Amino acid sequence: MNRLATLLPGLTLKNPIMPASGCFGFGKEYAKLYDLSQLGAIMIKATTPETRLGNPTPRVAETPSGMLNAIGLQNPGLKKVLENELTWLEQYEVPIIANVAGYTTEDYVTVAEAISQAPNVQALELNISCPNVKQGGITFGTDPLIAEELTKAVKAVSSVPVYVKLSPNVTDIGEIAKAVEAGGADGITMINTLLGLRLDTKTGRPVIANVTGGLSGPAIKPVALRMVYDVAPKVSIPIIGMGGITNIDDVVDFLSAGASAVAIGTANFVDPFICPNLIEQLPAKLDELGFNTVTDLVGRSHRL
Amino acid sequence: MIRQEQMQVVKQSAIATNIFELTLTGQLVLDMKQPGQFVHLRVSDQMEPLLRRPISISSINEKTLEFTMIYRAEGRGTKLLSEKKPGDQVDVLGPLGNGFPIDKVEVGQKALLIGGGIGVPPLFELSKRLVEKGVKPIHVLGFQSEDVVFYEKQFQELGETYIVTVDGSHGSTGFVTNVLEKLEDDFAVYYSCGPTPMLAALEKLYPEKEGYLSFEQRMGCGIGACFACVCDTTEKIEADYVKVCSDGPVFPSGVVRV
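Residues numbered from 1 in each chain as written. Chains lettered and ligands numbered in written order. Predicted model: local features only at pLDDT ≥ 70, side-chain atom pairs only at ≥ 80, totals over all residues. Heavy atoms only, no water.

If you check an unreviewed UniProt entry, chain B appears there as Dihydroorotate dehydrogenase B (NAD(+)), electron transfer subunit from Psychrobacillus psychrotolerans. Its UniProt record, at the heading Function (unreviewed entry), says of chain B: "Responsible for channeling the electrons from the oxidation of dihydroorotate from the FMN redox center in the PyrD type B subunit to the ultimate electron acceptor NAD(+)." Under the UniProt heading Pathway (unreviewed entry), the entry covering chain B gives this text: "Pyrimidine metabolism; UMP biosynthesis via de novo pathway; orotate from (S)-dihydroorotate (NAD(+) route): step 1/1." (UniProt positions renumbered as here; feature names shortened; annotations may be inferred.)

You'll find chain A entered in an unreviewed UniProt entry as Dihydroorotate dehydrogenase, with Psychrobacillus psychrotolerans given as the organism. Comment text from UniProt for chain A, heading Subcellular location (unreviewed entry), reads "Cytoplasm". Under Pathway (unreviewed entry), UniProt gives the following word-for-word description of chain A: "Pyrimidine metabolism; UMP biosynthesis via de novo pathway; orotate from (S)-dihydroorotate (NAD(+) route): step 1/1."

Below, the structure written as structure tokens:
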């Protein structure tokens with residue numbers, strides 16, 4: 001029996017660790033470094049109906065124990081993602097979670113309908129939380145009613161389970177979580193980045209061309225963990241937790257707080273081998289804590 | 001092949017104001033095939049500062065398994081890097097990117113190498129390889145002022161070298177273009193690394209010449225996954241954009257929109 005195995009709607013994961021969307025492209029770069037089949041799943045870069053060229057540069061800026069980014073959902077568009085990226089990923093035995101984005105409800109519906117039919121796409125991640133685009137993205141993720149309606153619309157056309165990626169840039173993330181659950185979401189992924197700003201102290205000008213960017217990295221882990229801890233008891237759908245995970249203890253914390261699996265984002269830039277390394281370390285960590293399986297660990301903080 | 005290795009500091013010294021020369025050793029050196037590639041370094045074992053630092057390779061010695069970088073200690077990361085002592089370990093990811101092609105110039109021809117400030121270092125390995133091949137390099141190196149000039153002698157040993165400083169405190173006064181306008185243009189290819197306005201000026205100065213330009217951009221992953229370092233392209237290539245880290249940092253002149 002595989003102690004790391006994790007069963008989630010649409011997803012049979014050999015382990016609960018996967019790279020987060022936007023930090024892993026479509027896998028090609030990391031495939032040069034290790035076998036992608038080792039991963040629990042891959043959350044591919046956000047896909048929109050048409051090609052997006054993203055924001056002007058600079059698009060990233062380092063901050064204390066973190067970084068800001070404002071890439072702007074750059075991607076080759078639905079057609080090319082289906083033809084080039086997803087087809088290429090078929091050589092690996094790894095479930096793909098396709099991140100879906102757009103300006104309008106129709107955009108989300110168009111992408112969701114088509115991409116959910118790709119043979120290796122086993123779940124969708126609805127991106128209603130990108131803080132770096134002027135339309136779409138976060139505007140869908142900050143109002144519970146709009147989030148619920150969008151979830152319904154996408155559920156109606158998707159041939160695979162739908163996870164909704166929540167934004168931390170809200171007053172009550174639990175409200176949004178409950179709303180997307182009511183809209184029929186099969187799971188929640190959380191959290192996206194926190195809106196932030198860095199200024200050049202000499203000139204007073206923003207460092208990032210987009211002015212603001214999304215904060216990620218270990219700096220946001222306590223916020224992300226608190227939010228997962230908050231949301232887990234309020235919903236009955238599973239959570240894939242993320243936000244500043246850089247080591248095996250962070251993985252344990254997110255699972256304890258109620259996440260069924262975790263995603264690794266910014267840490268891939270610091271250590272490109274972080275995902276396989278954490279997968280390798282997880283069994284020993286379970287032993288150390290006295291747990292037989294990953295599933296036993298999930299939500300333990302709520303059972304104390 | 002891209003590898004990650006804990007490499008050992010052989011030596012480190014300040015060679016100009018805030019400019020450091022750092023030599024590391026390890027197996028990864030054997031994968032460094034082209035001048036103009038770079039490495040992505042962690043400057044701390046901690047998560048602060050978080051991101052790796054992209055630094056260009058200034059010389060490679062396969063025999064001793066050593067390579068050298070020259071960098072400016074400017075921010076938190078590079079300041080920490082400048083404190084590394086012989087024997088310390090540095091986490092290196094590399095070699096990354098595509099360097100300067102030396103097969104574009106024939107034996108006996110001249111190549112013009114133009115560097116600006118902290119863009120000068122990768123031209124050193126390039127010049128060494130051109131000389132080995134039998135190509136005659138001409139170096140035009142621009143700096144802000146005398147206190148940040150480095151490697152003048154090393155470049156002179158490889159070929160004709162012109163130094164220019166913005167304030168005129170060393171060599172001639174002004175920008176590299178002030179020197180270039182007076183030079184004969186009997187070179188076959190030009191190679192350059194430096195600030196983008198300088199690269200743009202070179203494309204304007206030598207519209208008919210074959211040139212290879214090394215670009216700089218803020219990076220995240222360094223391997224092409226994060227889309228932080230993209231640049232717009234011109235009509236010269238089909239792609240709408242290029243990534244400096246994995247498609248570059250060296251591009252033929254006229255490809256990147258400057």
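## Here we look at the overall build of chain A
Along its length, chain A carries 10 helices and 14 strands. On C-alpha atoms alone, chain A measures out to a radius of gyration of 18 Å, which is about the 19 Å that the 2.2 N^0.38 rule sets for 304 residues. Across its three principal axes, chain A shows a C-alpha extent of roughly 50 × 45 × 40 Å. Buried residues in chain A amount to 63% of all 304 residues. Across chain A, the fraction of contacts at a sequence separation of at least 24, relative to all contacts at a separation of at least 6, is 71%. Put simply, chain A shows about 11000 Å² of open surface, and 53% of that area lies on carbon and sulfur atoms. (Helix = DSSP H or I, 4+ residues; strand = E, 2+ residues; numbered from the N terminus. Rg over C-alpha atoms; globule rule 2.2 N^0.38 Å. Buried < 20%, exposed > 50% of the residue type's maximum accessible area, 1.4 Å probe, protein only. Contact = heavy atoms within 4.5 Å. Areas by Shrake-Rupley, 256 points an atom, 1.4 Å probe, with all protein chains shown as cover.)

## Here we look at the confidence of the model for chain B
Any segment with low pLDDT has predicted coordinates that should not be analysed in fine detail. Looking at chain B as a whole, the pLDDT averages 96, with 100% of positions reaching at least 70. Here the prediction assigns the complex a pTM of 0.94, and the interface score ipTM is 0.92. (pLDDT = per-residue confidence, 0-100.)

## Describing the state of the cysteines
Residues and elements named next belong to chain B. Under the criterion given, the structure shown has 0 disulfides over all chains. For Cys221, which is in no disulfide, the shortest distance to another cysteine sulfur is to Cys226 and amounts to 3.9 Å. Cys245 takes part in no disulfide bond, and the closest cysteine sulfur to it belongs to Cys229, at a distance of 3.7 Å. When its relative accessible area of 2% is taken as the criterion, Cys245 is described as buried. (Disulfide = S-S within 2.5 Å.)

## Quick notes on the sheet that holds strand β5 (residues 60-63) of chain A
Residue and element names in this part refer to chain A. Strand order in the open sheet formed by 4 strands is β5-β6-β12-β11, with antiparallel pairing between adjacent strands. Every interior strand has two partners, whereas the edge strands, β5 and β11 (194-197), have only one. Taking each pair of neighbouring strands and ignoring which way they run, the sheet shows an average axis angle of 40 degrees. Inspection of the sheet shows strand β6 (residues 66-69) paired to strand β12 (residues 212-216) by 3 bridges, in the antiparallel sense. Of the residues in β12, the one forming a bridge with Leu68 is Leu215. (Pairing = 2+ DSSP bridges. Axes fitted to C-alpha atoms, helices over the stretch in contact; angles between N-to-C directions.)

## Topic: the interface of chain A and chain B
Counting from both sides, the interface comprises 33 residues of chain A and, opposite them, 27 residues of chain B. Of the roughly 2500 Å² buried between chain A and chain B on both sides combined, carbon and sulfur atoms contribute 64%. The interface formed by chain A and chain B includes 3 salt bridges. The tally of links from chain A across to chain B stands at 9 residue pairs in polar contact (both at pLDDT 80 or more). Listing elements by their share of the side of chain A that touches chain B, those giving two or more residues are α1 (28-31), β5, β6 and α8 (267-270) of chain A. (Buried area = accessible area lost by both parts, 1.4 Å probe. Salt bridge = Lys/Arg side-chain N within 4 Å of Asp/Glu carboxyl O. Polar contact = N/O pair within 3.5 Å; in protein donor to acceptor, adjacent residues only side chain to side chain.)

## Thoughts on the nonpolar core
If you look at soluble globular proteins, the nonpolar side chains tend to sit buried side by side. Counting 122 residues, the largest nonpolar core has Tyr30, Leu124, Ile188 and Met190 of chain A as the members making the most contacts within it. The next biggest cluster of nonpolar side chains, apart from the first, holds 27 residues, and it includes Ile19, Val105, Tyr151 and Cys193 of chain B. (Core = buried A, V, L, I, M, F, W, Y, C linked by side-chain atoms within 4.5 Å.)

## Let's talk about the UniProt feature "binding site: FAD" (unreviewed entry) in chain B
Residues and elements named next belong to chain B. In the numbering used here, UniProt assigns the "binding site: FAD" (unreviewed entry) feature to Arg53, Pro54, Ile55, Ser56, Ile70, Tyr71, Arg72, Gly77 and Thr78. Relative to the elements of secondary structure, Pro54 occurs in strand β4 (residues 53-56). Residue position: Ser56 is located in strand β4. Excluding its chain neighbours within four sequence positions, the residues that come into contact with Ser56 are Gln37, Phe38, Met69, Pro121 and Pro122.

## A closer look at the UniProt feature "active site" (unreviewed entry) in chain A
Residue and element names in this part refer to chain A. Sequence positions flagged by UniProt for "active site" (unreviewed entry) are, in local numbering, Cys130. Looking at the secondary structure, you find Cys130 in the loop between β8 (121-127) and α4 (144-157). Overall, the relative accessible area of 7% leaves Cys130 in the buried class.

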